[in-house]
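Each chain, letter by letter, is given below.
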Amino acid sequence: MLSDNLKSYLHLHLIVFIWGFTAILGALISLDALPLVWFRMLFAVGFIAIYIGFKKLPLRVSKKALLQFLFSGLIIALHWYTFFHAIKISNISITLACLSTGAFFASLLEPILYGKKIVWYEVFFGLLVVFGLYIIFNIEENYFWGMLTALTSAFLSALFAVINSKLVKSHDATVISFYELSGGVVFFTILLVFTHSFTPTFFSLSTKDFMYLMILSSVCTAYAFIASTAIMKFLSPYTVMLTINLEPIYGIILAVLVFKEKERMSFEFYIGAVIILLTVLLNSVIKSYRKRN
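Residues numbered from 1 in each chain as written. Predicted model: local features only at pLDDT ≥ 70, side-chain atom pairs only at ≥ 80, totals over all residues. Heavy atoms only, no water.

1. Remarks on the packing of helix α3 (residues 63-89) against helix α8 (residues 173-194)
This is how it is decided: Only the contacting stretch of a helix is used when fitting its axis, a line to C-alpha atoms as for every element, and angles between N-to-C directions run 0 to 180 degrees. Strands here mean DSSP runs of E at least two residues long; helices mean DSSP runs of H or I at least four residues long; both are numbered from the N terminus. Crossing handedness: left-handed means the near helix sits turned counterclockwise from the far one by under a right angle, and right-handed means the same turn made clockwise. Only heavy atoms matter for contacts: two residues are in contact if any of them lie within 4.5 Å across the pair. In this count, Pro and Cys sit with the nonpolar residues alongside Ala, Val, Leu, Ile, Met, Phe, Trp and Tyr, while Asp, Glu, Lys and Arg are called charged and the others, Gly among them, polar.
Where α3 contacts α8, the two axes come as close as 7 Å, and the packing angle between them is 65 degrees. In the packing of α3 onto α8, the handedness of the crossing is right-handed. For the pair α3 and α8, the contacting residues are L66, F69, L70, S72, G73, L74, A77, L78, W80 and Y81 in the first and I176, Y179, E180, L181, G183, G184, F187 and F188 in the second. Classifying every residue of the contact of α3 with α8 gives 13 nonpolar, four polar and one charged.

2. Re the side chain of S90
Under the convention used in this document: Accessibility here uses a 1.4 Å probe with only protein chains present; expressed as a share of the type maximum, an area under 20% marks a residue as buried, one over 50% as exposed, and anything in between as partly exposed.
Of note, S90 is situated in the loop between α3 and α4 (92-99). Judged by relative accessible area, S90 falls into the buried class, the value being 11%. Not counting the four nearest positions on each side in its chain, S90 is found in contact with T95, Y143 and G146.

3. A closer look at the packing of helix α2 (residues 33-55) against α8
At a closest axis distance of 9 Å, the pairing of α2 and α8 adopts a crossing angle of 145 degrees. Note that α2 runs across α8; the crossing there is left-handed. In contact with L34, V37, W38, M41, L42, A44, V45, I48, A49, Y51 and I52 of α2, α8 contributes T174, S177, F178, L181, S182, G184, V185, F188, T189, L191 and L192. Tallied by class, residues from the contact of α2 with α8 come to 17 nonpolar, five polar and no charged.

4. Let's talk about the packing of aromatic side chains
We describe a pair of aromatic rings using the distance from one ring centre to the other and the angle between the two ring planes. Note the cut-off: When the centres of two rings from Phe, Tyr and Trp lie within 6.5 Å, Trp using its six-membered ring, the rings pair. Their planes under 30 degrees apart give stacked, over 60 give edge-to-face, and anything left gives tilted.
Enumeration over the complete set of coordinates arrives at 18 aromatic pairs. For the ring pair F69 and Y179, a centre distance of 6.1 Å and an interplane angle of 15 degrees mean the geometry is stacked. You can see F69 sitting in helix α3 and its partner Y179 sitting in helix α8, a full 110 residues away along the chain. Accessibility expressed as a relative area gives 0% for F69, which makes it buried.

Structure representation (structure tokens):
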């Protein structure tokens with residue numbers, strides 16, 4: 001029998017592969033980042049609501065917990081917005097390479113938010129990640145704003161993981177996901193109302209976009225979101241963020257296969273990306289060795 005930790009770790013790898021495919025869907029959907037994320041969250045909330053009704057899960061939570069869920073929902077909504085916006089203004093490879101800095105941000109946020117002791121070799125590895133990013137920034141100057149947006153997305157992803165790791169210890173993962181995504185829908189709905197974005201054209205989706213959104217909201221959001229939240233009961237935020245850093249590997253390979261020349265980057269870009277990814281993997285090996293000893 002596999003232990004809960006090992007099963008959770010293997011399950012997490014499946015989820016990360018699905019998230020790698022999320023970037024492909026984001027590039028294939030013709031919508032801008034904001035409506036794309038709004039539809040994604042709205043449809044995902046519908047799928048989760050059906051699941052909650054089928055399982056007859058209680059939705060009652062305290063006011064304090066509800067406010068925490070809604071705040072987390074705003075963070076994940078902004079993460080997804082910056083993620084898809086980065087893809088739209090640069091490409092998948094640039095976005096995913098920058099997103100792999102998430103583990104570095106998590107190593108800084110945990111001590112700040114929860115008083116965890118700073119691990120200095122994590123800070124050293126973080127500097128190596130910055131060096132890898134420096135190489136990419138120097139070579140791919142045309143993608144400056146895309147890289148900056150993707151780094152913002154990585155920070156928001158790490159912040160969300162750190163906060164959610166505490167919430168999941170005392171609440172059901174499905175209920176958390178329902179309220180967080182609902183909160184994201186509410187916040188973005190208010191934004192769209194104030195910017196007068198709800199027009200007939202806004203709701204006019206092509207068949208292709210609707211089909212991709214269904215896959216994105218069901219498999220890549222509702223399922224992956226609930227599963228990744230539940231996994232945090234057994235895995236630390238850093239382990240989760242570390243594994244998520246494999247998303248660029250899956251995503252970049254899929255992007256080159258699907259989009260071919262559009263996603264092929266310079267040799268120096270791949271040098272920078274390899275430095276980032278090898279640093280993340282080396283960090284994982286060291287942490288595993290330290291735990292065994």
